[in-house]
Amino acid sequence: MAELIERRPEGLYVPAADVYIDPWRPVEKAIITHAHSDHARPGHRAYLAHPVTAAVLRARLGAHIWVEEKDYARAFRIQGVRFSLHPAGHIPGSAQVRVEHKGEVWVVSGDYKTSADGISSPIDPQRCHVFITESTFGLPVFQWEAAPLLAERLCSWAAHQLQAGCHVVLSVYSLGKAQRITRLLNEAWIVPYVHPAVAEMSQALQQAGVPVGNFSPLSALENRGETGVILVPPAAEEAVLRRLKGPVVTAACSGWVSIRGFKRRRNLNQGFGISDHADWPGLLATIRHTEATSVRVTHGFSGPMAQYLSENGLDARPLETAFNPAEAE
Ligand SMILES: [Zn+2]
Ligand SMILES: [Zn+2]
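Thresholds applied
- Residues numbered from 1 in each chain as written.
- Chains lettered and ligands numbered in written order.
- Predicted model: local features only at pLDDT ≥ 70, side-chain atom pairs only at ≥ 80, totals over all residues.
- Buried ≥ 20, exposed ≤ 12 C-beta atoms within 10 Å, placed from the backbone.
- Helix = DSSP H or I, 4+ residues; strand = E, 2+ residues; numbered from the N terminus.
- Pairing = 2+ DSSP bridges.
- Domains from an automatic or database assignment.
- Nonpolar A, V, L, I, M, F, W, Y, C, P; charged D, E, K, R; others polar.
- Arc of directions from axis to C-beta.
- Contact = placed C-beta atoms within 7 Å.
- Axes fitted to C-alpha atoms, helices over the stretch in contact; angles between N-to-C directions.
- Core = buried A, V, L, I, M, F, W, Y, C linked by C-beta atoms within 7 Å.

Brief notes about the pairing of strand β11 (residues 130–135)
Here is step 1: Of all 6 residues making up β11, 6 are buried, and the element is well covered by its neighbours.
Here is step 2: Burial along β11 is two-sided: the residues V130, I132 and E134 and F131, T133 and S135 are all buried.
Here is step 3: Looking at chain direction, strand β10 (residues 104–108) and β11 are connected through 3 bridges and run parallel. Paired with V107 across the bridge in β11 is F131.

This is the structure we're talking about:
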């Protein structure tokens, strides 16, 4: 029997509705879970996404793209198939996609996390028969510390470095993580200087009504002759470090810092395990909440996680995608 969602060379496909979800190759119609580049690819004829994601898509892919906007929990039909978007808690606008047809319900998680970040709608797990879950951190070694503790540690470390006369360069993904860290720093009375790539994303989110906090452009720091906390995407870090004058300390804010050797390989002074993905307990809790008896594991450690779920009584199997989340985040 044909499945409600299948994997095609272009990406996850809903045959009954002739629509793709987060396709990695150009298609006619694409439902997009969120605006990170491993999920939102250029070149689709029509996009459908949450309004916040739509705003970022236009900033990222061009104002000319065709985007149909759908709010959370508002059902809509495509060729008789019932769809709805539900918060995934990953970044502002991020959504799970619920698909219902002939009494069968599937949910595509997109990326998600279970802890609150102050800027994204908290995850709202949906009951379903089949759950297609991400597994970026789908190994038992990944267990995050409590978010408030991490925030406190990051802010006091940064404040201490500034007082000691050092610039603090924080390597953060430009969409989601950067705005979350901006808000955390603001609470400690620190207004970060942000790389233009971060500023562009912050402005797009701000225009879509997301409270992204206070930030200054990186260019302002160069004129002021004081030390600052600087948010840069990992790809731009080297160039920024070359231009800064005076002592500098560096840190990453990422789930990957809990991997042994990560800081050394990236030449970082400090690491904070602040992640926008669920850790191992968060993944398992979310899967349990869906009450799905069948789970497809994708986007990360899909093999080991599917095996664990199988050994624990679920019909679980890996579903490979074209993108490795480690490259994006
Ligand atoms: Zn993502
Ligand atoms: Zn992803």
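Let's talk about the domain arrangement of the protein chain
Interface extent is often summarised as the accessible area lost during association of the parts.
Here is step 1: Its domain assignment divides the protein chain into domain 1 (6–141 + 277–328) and domain 2 (147–272).
Here is step 2: Distance between the C-alpha centres of domain 1 and domain 2: 28 Å.
Here is step 3: Here the side of domain 1 that touches domain 2 is composed, by residue class, of 11 nonpolar, 5 polar and 1 charged.

Thoughts on helix α9 (residues 302–311)
Here is step 1: Turning to α9, its buried residues are S302, M305, A306 and L309. Burial along α9 is one-sided: seen end-on, the buried residues are contained in an arc of 100°.
Here is step 2: Residues of α9 that are buried make contact with β11, β18 (294–300) and β19 (315–318).
Here is step 3: Backbone geometry just downstream of α9 places G313 in the positive-phi region, at approximately 90°.

Topic: the sheet that holds strand β4 (residues 29–31)
Here is step 1: With mixed pairing, the 6 strands of this open sheet are ordered in space as β1-β2-β3-β4-β5-β6. One side of each edge strand has no neighbouring strand; the edge strands of this open sheet are β1 (6–8) and β6 (67–69). Adjacent strand axes in the sheet meet at a mean angle of 35° when their direction is disregarded.
Here is step 2: Seen against the sheet, helix α1 (residues 51–61) touches β5 (46–49) and β6 and runs at an angle of roughly 160° to β6.

A look at the nonpolar core
Generally speaking, a soluble globular protein has its nonpolar side chains buried in company with each other.
Here is step 1: One finds V56, V97, L170, I230, L231 and C253 to be the most contacted residues of the largest nonpolar core, which totals 82 residues.
Here is step 2: Broken down by element, the residue count for this core peaks at 5 residues, all from α1.
Here is step 3: Among the domains, domain 1 (6–141 + 277–328) and domain 2 (147–272) are the pair contributing at least three residues each to this core.
Here is step 4: Discounting residues that sit within four places of it in the chain, L170 has contacts with I181, V229, I230, L231, A251 and C253.

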